[in-house]
Amino acid sequence: MIDIAAANEALKHGDALDVIRWTQETFGDEWLYACSFGAEAVVLIDMIAAVVPDARLLFLDTDVHFPETLALIDRVMERYPRLRLIRAPASLTLEEQEAQYGPELWKHNPTLCCTLRKVRPMQQALAGVQAWMTGLRREQSASRANTAFVNEDAKFGKIKICPLIHWSWDDIWMYINTHRLPYNPLHDQGYPSIGCMPCTAPSSEQGDSRSGRWVGHAKNECGLHADG
Ligand code: SF4
């Protein structure tokens, strides 16, 4: 059993690499990084690979990702060939989803669509691990402002680890540029946060990098980080 308060106290003066090291020392091979291959992800992958060269990455393959995202995954895996990539398929194919729920479920019920294509596959993928890592940053949105390095994840019954909570958007890009990391070219076209194609738009709102997600819906999380 992990004492979350004690872990955060021990890490309070640490940086992202310290958090990754703590994760490996604490959980061994029973953790993975759930990653969408956005800007934070390429930074975190670079750091993880330096500490745990054969760490596991989980990608929720919803069948509706941008081609740019899929191409980036290939580039990242070429750069870090020892990392183990797990592609978790959706609970049902797009054709099955359309047959059961009608076309373009993401337009009329994105919560159900995320449940079928992200949350349930995530539950299955996490079945064999104690903890998962994510690139959440506190400044991304109001709902992420109180995130700690180590968090209880009641939704999945796991420990959720967030090494980048203190990083700013500028910090992320400084690291990407300094280390010449590959990144999704959609970031250069006004997309700070990149998810599935139907639910991602360029963002015009300063200070809330999630504002381009699920535009027109009262939703800015996919269900992996929210209680709902
Ligand atoms: S982000 Fe959109 S398309 Fe992707 S699973 Fe959620 S509702 Fe469906």
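Residues numbered from 1 in each chain as written. Predicted model: local features only at pLDDT ≥ 70, side-chain atom pairs only at ≥ 80, totals over all residues. Heavy atoms only, no water.

### Some remarks on the overall build of the protein
To be explicit about the condition: A run of H or I in DSSP counts as a helix once it spans at least four residues, and a run of E counts as a strand once it spans at least two, with each numbered from the N terminus. The size measure is the radius of gyration over C-alpha atoms, and the globule rule it meets is 2.2 Å times the number of residues to the 0.38 power. Accessible area is worked out with a 1.4 Å probe on protein chains only. A residue is then buried under 20% of its type maximum, exposed over 50%, and partly exposed in between. Here, residues are in contact when the closest pair of their heavy atoms is within 4.5 Å. Values of accessible area rely on a 1.4 Å probe in the Shrake-Rupley scheme; residue burial ignores everything except the protein chains shown. Note that His is not counted, nor are the chain ends; the positive residues are Lys and Arg, and the negative ones are Asp and Glu. Where a charge sits is defined by one atom per residue type, namely NZ (Lys), CZ (Arg), CG (Asp) or CD (Glu).
Helix and strand content of the protein: eight helices and six strands. By the compact-globule yardstick of 17 Å for 228 residues, the protein fits well, its C-alpha radius of gyration being 17 Å. Reported as C-alpha extents along the three principal axes, the dimensions of the protein are approximately 50 × 35 × 35 Å. Counting every position in the protein, which comprises 228 residues, the buried fraction comes to 52%. Within the protein, contacts between residues separated by at least 24 positions form 70% of all contacts whose residues are at least 6 apart in sequence. Total accessible area on the protein stands at roughly 10900 Å², and carbon and sulfur atoms take up 49% of it. Counting 22 positive and 29 negative side-chain charges, the protein places the averaged centre of each group 1 Å from the other.

### A few points about the pairing of strand 5 (residues 150–153)
To be explicit about the condition: Strands were regarded as paired on the criterion that DSSP finds at least two bridges between them.
Relative to strand 6 (residues 158–161), strand 5 runs antiparallel, the two sharing four bridges. Across the sheet, residue Val150 finds its bridge partner in strand 6, namely Ile161. Connecting the antiparallel pair strand 5 and strand 6 is a turn made up of four residues, with Gly157 showing a positive phi of about 70 degrees.

### Regarding the nonpolar core
Considering soluble globular proteins, one finds that nonpolar side chains tend to be buried as a cluster. For clarity, the threshold we go by: What we call a nonpolar core is a set of buried Ala, Val, Leu, Ile, Met, Phe, Trp, Tyr and Cys residues that are connected through their side-chain atoms within 4.5 Å.
Within the largest apolar cluster, 46 residues are counted, with the highest numbers of intra-cluster contacts made by Trp31, Tyr33, Phe37 and Ile45. Here this core takes nine residues from helix 3 (residues 39–51), the largest share from any one element. In this view, Ile45 contacts Tyr33, Cys35, Phe37, Leu57, Val76, Tyr80 and Leu83; residues no more than four positions away in its chain are not counted. Among the nonpolar cores identified, the runner-up in size contains twelve residues, and Leu32, Leu60, Trp132 and Leu224 belong to it.

### What about the packing of aromatic side chains?
For clarity, the cut-off: Note on aromatic pairs: the rings of Phe, Tyr and Trp (six-membered ring only in Trp) are paired at centre separations within 6.5 Å, and the planes decide the class, stacked below 30 degrees, edge-to-face beyond 60, tilted for the rest.
This model, assessed by the stated rule, comprises seven aromatic pairs. Their ring planes at 75 degrees and their centres at 5.7 Å tell us that Phe37 and Phe59 sit as a pair that is edge-to-face. In this pair, Phe37 is assigned in the loop between strand 1 (31–34) and helix 3 and Phe59 in strand 2 (residues 56–61), connecting sequence segments 22 residues apart. Looking at Phe37, the relative accessible area reads 1%, which means it is buried.

### Considerations on the site of the ligand
So the rule is basically this: What makes a residue near a molecule or strand is one non-hydrogen atom of that residue sitting within 4 Å of it. Under the convention adopted here, Pro, Cys and the residues Ala, Val, Leu, Ile, Met, Phe, Trp and Tyr are nonpolar, Asp, Glu, Lys and Arg are charged, and Gly plus all remaining residues are polar.
In the vicinity of the ligand lie ten residues, with Pro110, Cys113, Cys114, Cys196 and Cys199 positioned nearest. For the shell around the ligand, the element with the highest residue contribution is helix 7 (residues 110–125), accounting for five residues. Residue composition of the shell around the ligand, by class: eight nonpolar, no polar and two charged.

### Remarks on the pattern of salt bridges
Selection criterion: In what follows, salt bridge is the name for a side-chain nitrogen of Lys or Arg lying within 4 Å of a carboxyl oxygen of Asp or Glu.
Considering all chains together, one arrives at nine salt bridges under this definition. One salt bridge connects Glu9 with Lys12, and the closest N-O pair in it is separated by 2.7 Å. Using a relative accessible area of 47% as the deciding quantity, one classes Glu9 as partly exposed. Between Arg84 and Asp29 there is a salt bridge, with the nearest N and O atoms lying 2.8 Å from each other. You can see Arg84 sitting in strand 3 (residues 84–89) and its partner Asp29 sitting in the loop between helix 2 (16–27) and strand 1, a full 55 residues away along the chain. Judged by its relative accessible area of 32%, Arg84 is partly exposed. For Asp29, a relative accessible area of 46% translates into the label partly exposed.

### Some points on helix 2
Note: α-helices contain 3.6 residues per turn, so residues at a spacing of three or four share the same orientation. For clarity, the threshold we go by: Here a helix's expected span is defined as the number of its residues, less one, multiplied by 1.5 Å. In this context, the arc is that of the directions from the helix axis out to the C-beta atoms. Polar contact is the term for a pair of N or O atoms within 3.5 Å; when the atoms are in protein, one must be able to donate a hydrogen and the other to accept it, and sequence-neighboring residues count only if both atoms are side-chain atoms.
With twelve residues, helix 2 should cover 16 Å at 1.5 Å per step; its first-to-last C-alpha distance of 16 Å lies within 8% of that length. Considered for burial, the residues of helix 2 that qualify are Ala16, Val19, Ile20, Trp22, Thr23 and Phe27. Viewed along the axis of helix 2, the buried residues span an arc of 160 degrees, placing them on a single side of the element. Those residues of helix 2 that are buried lie in contact with helix 1 (4–11), strand 1, helix 3, strand 4 (131–133), strand 5 and strand 6. The N-terminus of helix 2 is capped by Asp15, whose side-chain oxygen sits 3.1 Å from the backbone nitrogen of Leu17. One or two steps after helix 2, the chain reaches Gly28, where phi turns positive at roughly 55 degrees.

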